[in-house]
Amino acid sequence: MSVIGCGYLGAVHAAAMASIGHDVIGIDVDERKAAALADGIAPFFEPRLEELLREGIAAGRLRFSTRMADAEGATVHFLAVGTPQQPGAHAADLRFVDAAVEALLPHLRADDVLAGKSTVPVGTAARLADRVAAAGATLVWNPEFLREGWAVHDTLTPDRIVVGATEGDAGARAVDVLRDVYRPAVDAGTPFLVTDLATAELVKGAANAFLATKISFINAMAEIAEAAGADVRLLADAIGHDTRIGRRYLGSGIGFGGGCLPKDIRAFAARAEELGRGEAVGFLHEVDAINLRRRDRAVQLVVDALGGRVFGRRVAVLGAAFKPFSDDIRDSPALDVAVRLRGLGADVVVTDPAAIDNASAAHPQLGYARDRDDALRDADAVVIVTEWDEYRRHLSPEHAGALVRGRVVIDGRNCLDAGAWRAAGWTYHGMGTR
Ligand code: UGA
């Protein structure tokens, strides 16, 4: 098989497919990325990925290339290129999808299967299907639900596999091909859902829209809890026991970021508007607005905690990645908070176990410390913005208290034991907690 596009999705997919016995070629236009992957080096932080890369390469089942012609000979091709937000608009930019398909068409052979994995606006697959069919091959849509930090696990043991296909023999045959590709997961009982192309595309957008909505829902409750003197963490625990609601994705704090949820809900709403159904997902604008308001609130809490005098004050920012177990800083709420505090004149020192290199390249104006304790030293306030275990579990309030100048902590992820920090002499501020 070939995997076209070797970013988070494609690199992990290629390595995971090789690990279950397939013969895989990963293709990416970025020479440095392809060369690193061919050497068994992951271009980003992802647990277990390098192990799989090295095993696949050593076994001769995994190669990387920059030449689309190397896709020839593969019978299944996975399309895993990025679909970023269009500059200055909310819609998805399909440039890379279109370019990859155009480049692949001359190399497709009769009966090949092209499986789209990229997150695309509904209708994209139908538009591409005819072109692929004209080359004698068949297009299916096979959305991906992996989470960064858990990408290998999610790819090898997904909670469901969705394949959208056209009606008729070619579509049915292509579905069988994908069932074979995912044989270990299918045999282990993973639900395998066959849909039409449009439904498969929508499943992906709907899943991310639902997750984003769940997070913004609890953050909206945090706003109310704060005004009412209630505690959103206890509220989440209590409603989360209702299995119809569930506790997951009710983590309150500075909200969601990353390369997927923010851009996907915007693209979903933009596409709905094109379809004349903008009203149906009008709430997604609210979900987005609630989410962005959390970052303002975190900054305000720091300002208030410093008595309104931020200029020249030292603030330790614990976290830069958009979530733990990742070095990804795309639309990271953590970095956004740091940048805004710096904009107010604070002497910001950011630390993160994995994302310092990415963060300092993108925001050289911020101060950085690789060592957590160096970041804490002489801080007038501490703000936790990514809930790494290094801050959540392995940082005692006594240890931190001995390093800082002011025992003031703002818990942007509602992840600390407020009682323990207060008992150690800290002024603790959560986000909608007591
Ligand atoms: C998300 C989805 O979870 C995946 O299923 C999907 O495949 C992926 O997008 C994608 O479209 O490719 P990911 O972006 O890796 O995965 O991150 P999540 O783990 O979902 O977290 C997203 C953001 O929400 C993070 O900033 C995280 O800190 C925040 N979050 C998550 C909360 O604020 N509260 C929570 O309870 C959970």
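Here is what the cut-offs are and how they apply
Residues numbered from 1 in each chain as written. Predicted model: local features only at pLDDT ≥ 70, side-chain atom pairs only at ≥ 80, totals over all residues. Heavy atoms only, no water. Near = heavy atom within 4 Å. Polar contact = N/O pair within 3.5 Å; in protein donor to acceptor, adjacent residues only side chain to side chain. Areas by Shrake-Rupley, 256 points an atom, 1.4 Å probe, with all protein chains shown as cover. Helix = DSSP H or I, 4+ residues; strand = E, 2+ residues; numbered from the N terminus. Nonpolar A, V, L, I, M, F, W, Y, C, P; charged D, E, K, R; others polar. Axes fitted to C-alpha atoms, helices over the stretch in contact; angles between N-to-C directions. Parallel < 35°, antiparallel > 145°, perpendicular 65-115°, else oblique. Left-handed = near helix turned anticlockwise from the far one by under 90°. Contact = heavy atoms within 4.5 Å. Buried < 20%, exposed > 50% of the residue type's maximum accessible area, 1.4 Å probe, protein only. Lys, Arg positive; Asp, Glu negative; His and termini not counted. Salt bridge = Lys/Arg side-chain N within 4 Å of Asp/Glu carboxyl O.

## Examining the site of the ligand
Around the ligand, the surrounding shell holds 21 residues, and the nearest of these are L146, E148, K204, Y249 and G251. N208 is positioned with one of its side-chain polar atoms (N or O) 2.8 Å from an oxygen atom of the ligand. One of the side-chain N or O atoms of K323 is found 2.8 Å from an oxygen atom in the ligand. Expressed as a share of its isolated accessible area of 720 Å², the protein-covered part of the ligand is 89%. If you list the elements that add at least two residues to the shell around the ligand, you get α9 (197–228) and α11 (261–274). With four residues, the top contributor of residues to the shell around the ligand is α9. Residue classes in the shell around the ligand are distributed as ten nonpolar, four polar and seven charged.

## A short note on the packing of α9 against helix α10 (residues 232–240)
Put simply, α9 and α10 touch, their axes get as near as 9 Å, and they point 135 degrees apart. On the basis of the axis angle, α9 is oblique to α10. Of the two possible hands of crossing, α9 and α10 adopt the one that is right-handed. Note on element contacts: α10 touches α9 through V232, L235, A236 and I239, opposite F217, I218, M221, A222 and A225. Grouping the amino acids of the contact of α9 with α10 by side-chain chemistry returns nine nonpolar, no polar and no charged.

## Quick look at the side chain of R294
In this fold, R294 is placed in helix α12 (residues 283–305). E223 provides the closest opposite charge to the buried, unpaired R294, separated from it by 4.3 Å. Here G253 takes part through its backbone oxygen, which lies 3.1 Å from a polar atom of the side chain of R294. R294 has contacts with N219, A222, E223, G253, I254, G255 and M431, leaving out every residue within four places of it along the chain.

## Describing the environment of R179
Among the secondary structure elements, R179 is positioned in helix α7 (residues 169–181). Among the residues examined, R179 registers a relative accessible area of 27% and is labelled partly exposed. Residues R179 and T351, 172 residues apart in the sequence, show an inter-C-alpha distance of 44 Å. Residues contacting R179, with those up to four places away along its chain left out, are V186, F192 and V194.

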